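Summary of the model geometry
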Amino acid sequence: MDPFSSSFLSSFSLSNLPLTLPPSTSSVLRISAVRIEEKPPTSTSTTTRTRTPQPSRRQIPSPPYPTKTKPISTNPPPTPKPPPSLAVTIFNAFDDIINTFIDPPTRPSVDPKHVLADNFAPVVDELPPTKCTVVSGVLPPCLDGAYIRNGPNPQFLPRGPYHLFDGDGMLHVIRISDGGATLCSRYVKTYKFTIEEKTGSPVLPNVFSGFNGLRASAARGALSVVRTLTGMFDPSNGIGLANTSLAFFGDSLYALGESDLPYAVKVTADGDVVTLGRRDFDGKLFMSMTAHPKVDYETGETFAFRYGPVPPFLTYFRFDSEGRKEADVPVFSMTTPSFLHDFAITRKYAVFAEIQLGMNPMEMIFGSGSPVGANSSKIPRLGVIPRYAKDESEIRWFEVPGFNIIHAINAWDEDGDDTVVMVAPNILSVEHTLERMDLIHASVERVRIDLKTGFVSRHPVASRNLDFAVINPKYAGRKNRYVYAAIGDPMPKISGVVKLDVSMSESDRCDCTVATRIFGPGCYGGEPFFVAKEPNNPEAEEDDGYLVTYVHNENTGESSFLVMDAKSPNLETVAVVKLPRRVPYGFHGLFVTETNLKKL
């Protein structure tokens, strides 16, 4: 799962007050309290990296680089930081009291020893552009550009409760050109990141793990108020992590997280990543935006929304083909706050899902749980609104009992625009979404809404535990046939990818899996991404392209970039790129063509 609802908790912010690779020298990190233990390297050939000590920074050893890799660009050594100020020392002492006596990390979902185990552990330093080795096959010419994967990588080792969704955003970018590749890993320089880097310690409480119970919420909230009053940070500049996904629209590339505005980033010619800054689109976008905007390939428009704990609980909006934001459409017919992480568009409509996950204030006040939880008495609904609506007068809501989606795969119109079809993974155990992700099972379903009669029908597409599903981006909002989904084994670890033919569910209620690729023993990957072989060829077949993803081998401690043939019967390997260091598991990714990179 990804951090699908930080914006939903914004009321707690002060702004509201078999791929088996050969052994290598890489190490697998394991978190134990505040100590990191390294798995012994499988080889002794290493080079030495030095780093100037920084007071109060987490002390996590970085896996050594293989001797054959050389950075093609370097940054100046970090300037030694002065000792923390008296105010910082005092605030950190209060933090320790809260983390030790008021709200210690007693549950596995917020215990760093559990959450940051294996390849979920953060990497210590940013990695400048570093040459990679293609160890198998050849990188296709259509991959010239950059594959970028976002995900959490905490700047500091957690001193108290920590949830998987709470880490600072780090972009892992593999830049491909003329069959060669470089890897670069950089933090998104959000306001939160830069303030905490300057301070030398965490300043803002974690959204998902910082508000467990009334006492913990009150204590951390009061400490944040004091930090604000002393000028340590200004919450109006944003509190987000930008750790969830990426989007390219209006000739700009954005790192996204739902608790803040988009952050514009740039990939340079040598493969480095630069954060350009927080964007409010000429003051027209405020507070937050979904991490899953939808880009219409044909019109160039981008559709998005925000949601939160106060009315209107949902606000819909769009950007034109030049990236200019249009007017908000507040939706007051959503009468209770609901997790709304993703949505779908068709040529004519936008489709929103109101699910059973929502605010859980009683658990926070009288218990020690998260302020977000499941409401089993609530009936999920799908809302269908014209995608160019000026207001919510034409929205229609349809009850769909038992249909709880976190991610939407795609939607389209049928029968002369009188029917909307949506494909999405249905979370069958929604109560485990935040606390026990290993117990989550998501079954991909095809939902058909007859707008004339109001009748809603559902058909299974696959019974396997699948999520993080993608399509050929050209088919967003259009009827597509193929879906590529990650296999939870269990979630959040991903053991492979499947190819689904959703057209098979139209005539027969059968499993629509037509191809499967398992990464291999001890190997886990992430969300796949589809890259068309001929993106500008209108005659190209829908599945004529490649699937790309990062894969980590927990047996050897090595990570790789894997390219698969999306059209082949078994999603066969086209190329494998050995990465110069470990890439932690993360969330969503994006491929940006060379042509689009030059526009940044």
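Just so you know, these numbers come straight off a predicted model, no measurement behind them. (Residues numbered from 1 in each chain as written. Predicted model: local features only at pLDDT ≥ 70, side-chain atom pairs only at ≥ 80, totals over all residues. Heavy atoms only, no water.)

Quick notes on the packing of aromatic side chains
Rules: Note on aromatic pairs: the rings of Phe, Tyr and Trp (six-membered ring only in Trp) are paired at centre separations within 6.5 Å, and the planes decide the class, stacked below 30 degrees, edge-to-face beyond 60, tilted for the rest. Under the DSSP-based scheme used, a helix requires at least four consecutive residues in state H or I and a strand at least two consecutive residues in state E, with every element numbered from the N terminus. Three exposure classes are used, based on accessible area relative to the maximum for each residue type with a 1.4 Å probe and protein chains only: buried under 20%, partly exposed in between, and exposed over 50%.
Applying the stated rule across the entire model yields 20 aromatic pairs. Judged by centre distance (5.9 Å) and plane angle (70 degrees), the ring pair of F165 and F587 falls under edge-to-face. On the criterion of sequence distance, the pair formed by F165 in the loop between β5 (145-152) and β6 (169-177) and F587 in the loop between β34 (573-578) and β35 (589-593) is long-range, its members being 422 residues apart. Of the two residues examined, F165 and F587, each falls in the buried class. Taking 6.1 Å as the distance between ring centres and 65 degrees as the angle between the ring planes, the aromatic pair formed by F303 and Y388 counts as edge-to-face. Separated by 85 residues along the polypeptide, F303 in strand β13 (residues 302-307) and Y388 in the loop between β20 (381-386) and β21 (396-399) bring together distant segments of the chain. Assessed through its relative accessible area of 0%, F303 is described here as buried. Ring pairing ties together the aromatic residues F249, Y254, F281, F317 and F319, which thus form one cluster.

Structural notes on helix α4 (residues 214-229)
We apply this condition: Here, expected helix span is obtained from the residue count minus one, scaled by 1.5 Å.
Here α4 spans 22 Å end to end across 16 residues, near enough to the 22 Å set by a 1.5 Å rise per residue. All of the buried residues in α4 are A216, S217, A219, R220, L223, S224 and R227.

Some thoughts on the sheet that holds strand β24 (residues 442-450)
Heads up, the condition is: Pairing between two strands is assigned when DSSP locates at least 2 bridges connecting them. Lines fitted to C-alpha atoms define the axes, with helix axes restricted to the stretch in contact, and inter-axis angles between N-to-C directions lie between 0 and 180 degrees.
An order of β22-β23-β24-β25 is seen for the four strands of this open sheet, with the pairing classed as antiparallel. Of all strands in the sheet, those with a lone pairing partner are β22 (410-414) and β25 (456-462), marking the two edges. In this sheet, adjacent strand axes meet at a mean angle of 25 degrees when their direction is disregarded. In the sheet, β24 pairs with β25 via six bridges, with the strands oriented antiparallel. Bridging from a neighbouring strand, V444 pairs with A462 of β25.

Overview of the UniProt feature "binding site: Fe cation" (unreviewed entry) in the protein chain
Definition in use: UniProt positions are given in the numbering used here, feature names are shortened, and annotations may be inferred rather than shown by experiment.
In the numbering used here, UniProt assigns the "binding site: Fe cation" (unreviewed entry) feature to H292, H341, H407 and H588. In three dimensions, the annotated residues from a span of 297 residues occupy one location, with a maximal C-alpha spread of 12.9 Å. Looking at where H341 falls in the secondary structure, it is placed in the loop between β15 (329-331) and β16 (343-345). On the basis of relative accessible area, H341 is assigned to the buried category, the value being 3%.

Quick notes on empty space enclosed by the protein
Definition in use: Lining residues are defined by having an atom within 4 Å of a point belonging to a cavity or pocket. Those points lie on a 1 Å grid over the protein atoms alone, cavities being sets where a 1.4 Å probe fits but cannot get out and pockets being open sets with protein on both sides within 12 Å along at least five of seven lines. Grid points are joined across faces, edges and corners, and a volume is the space filled by probe spheres set on the points. Classification used: nonpolar for Ala, Val, Leu, Ile, Met, Phe, Trp, Tyr, Cys and Pro, charged for Asp, Glu, Lys and Arg, polar for all others including Gly.
Of the voids in this model, the largest cavity is the one considered here, and its volume is about 370 Å³. Taken together, 27 residues make up the lining of the largest cavity; nearest its centre are P161, P202, L204, P205 and N206. Secondary-structure elements contributing two or more residues to the lining of the largest cavity are α1 (86-102), α3 (191-199) and α4. With four residues, α4 is the largest single contributor of residues to the lining of the largest cavity. Of the residues that constitute the lining of the largest cavity, the class distribution is 11 nonpolar, eight polar and eight charged.

What about the pattern of salt bridges?
Short version of the rule: Within this document, salt bridges are pairs made up of a side-chain nitrogen of Lys or Arg and a carboxyl oxygen of Asp or Glu, the two lying within 4 Å of each other.
Taken as a whole and assessed by the stated rule, the structure comprises 40 salt bridges. Its salt-bridge partner being R227, residue D95 comes within 2.9 Å of it at the nearest N-O pair. Linking D95 in helix α1 with R227 in helix α4, this pair joins segments that are 132 residues apart in sequence. Assigned by exposure class, D95 and R227 land together as buried. Of the charged contacts, one joins K192 and D168 as a salt bridge, the two residues approaching to 3.4 Å between their closest N and O atoms. Linking K192 in helix α3 with D168 in the loop between β5 and β6, this pair joins segments that are 24 residues apart in sequence. Neither residue differs from the other here; K192 and D168 are each classed as buried.

Some words on the sheet that holds β15
Backbone-to-backbone hydrogen bonds pair the strands of a sheet. The strands run either parallel or antiparallel. Reading across the sheet, the four strands line up as β12-β13-β14-β15 and stay open at both edges, with antiparallel pairing between neighbours. Sheet topology places β12 (294-295) and β15 at the edges, where each strand pairs with a single neighbour. Where β12 meets β13, two bridges bridge the pair, whose relative direction is antiparallel. Directly across from V295, in β13, lies its bridge partner T302.

With respect to the nonpolar core
One recurring pattern in soluble globular proteins: nonpolar side chains tend to sit buried together. For the record, the criterion: By nonpolar core is meant a set of buried Ala, Val, Leu, Ile, Met, Phe, Trp, Tyr and Cys residues that side-chain atoms within 4.5 Å join together. Any two residues whose heavy atoms approach within 4.5 Å at even a single point are treated as in contact.
Residues F352 and L382 are the most contacted members of the largest nonpolar core, which totals 59 residues. In terms of residue count, strand β17 (residues 349-354) provides more of this core than any other element does, five residues in total. Excluding residues that lie within four positions of it along the chain, F352 makes contacts with F305, L314, Y316, L340, F343, R381, L382, G383, I385 and W397. Listed in part, the 52 residues of the second largest apolar core include V88, L171, V188 and L204.

Overview of the environment of D413
Quick reminder of the rule: N or O atoms closer than or at 3.5 Å make up a polar contact, with two conditions inside protein: a donor-capable atom paired with an acceptor-capable one, and, for residues adjacent in sequence, both atoms drawn from side chains.
With respect to the helices and strands, the residue D413 is situated in strand β22. In this structure the C-alpha to C-alpha distance between D413 and R448, which are 35 residues apart in sequence, comes to 9.7 Å. Of the polar contacts made by the side chain of D413, one reaches the backbone nitrogen of K348; its length is 3.2 Å.

Quick notes on unusual backbone geometry
The omega angle of the peptide bond from P311 to P312 is -10 degrees, so this bond is cis rather than trans. Turning to its location among the elements, P312 is positioned in the loop between β13 and β14 (314-319). For the bond from D489 to P490, the omega torsion is -20 degrees, close enough to zero to count as cis. Residue position: P490 is located in the loop between β27 (482-488) and β28 (494-501).

Some thoughts on a nonpolar patch on the surface
For clarity, the cut-off: Only residues whose relative accessible area exceeds 30% and that form no salt bridge are eligible for patches; like-charged ones are grouped when within 9 Å, while nonpolar side chains (Val, Leu, Ile, Met, Phe, Trp, Tyr) are grouped when within 5 Å. Computed with the Shrake-Rupley method and a 1.4 Å probe, the accessible areas treat only the protein chains shown as cover for residues.
Where nonpolar side chains cluster on the molecular surface, the patch consists of L86, I90, F94, I97 and F101 and spans about 550 Å² of accessible area. Residue class for I90 comes out partly exposed when judged on its relative accessible area of 38%.

Here we look at α3
Considered for burial, the residues of α3 that qualify are Y191, K192, F193, I195, E196 and T199. Close packing links the buried residues of α3 with α1, β7 (180-187) and β10 (263-267). Downstream of α3 by a residue or two, G200 has a phi angle that is positive, lying close to 90 degrees.

A closer look at the packing of α1 against α4
Quick note on the threshold: Angle categories are assigned with fixed cut-offs, so that under 35 degrees is roughly parallel, over 145 is roughly antiparallel, 65 to 115 is roughly perpendicular, and the rest are oblique.
Packing of α1 against α4 leaves a shortest axis separation of 11 Å and a crossing angle of 175 degrees. As far as their axial angle goes, α4 and α1 are roughly antiparallel. Here α1 contributes F91, N92, F94, D95, I98, N99 and I102 to the contact with α4, which in turn contributes R215, A216, A219, R220, L223, V226 and R227. For the contact of α1 with α4, the per-class residue count stands at eight nonpolar, two polar and four charged.

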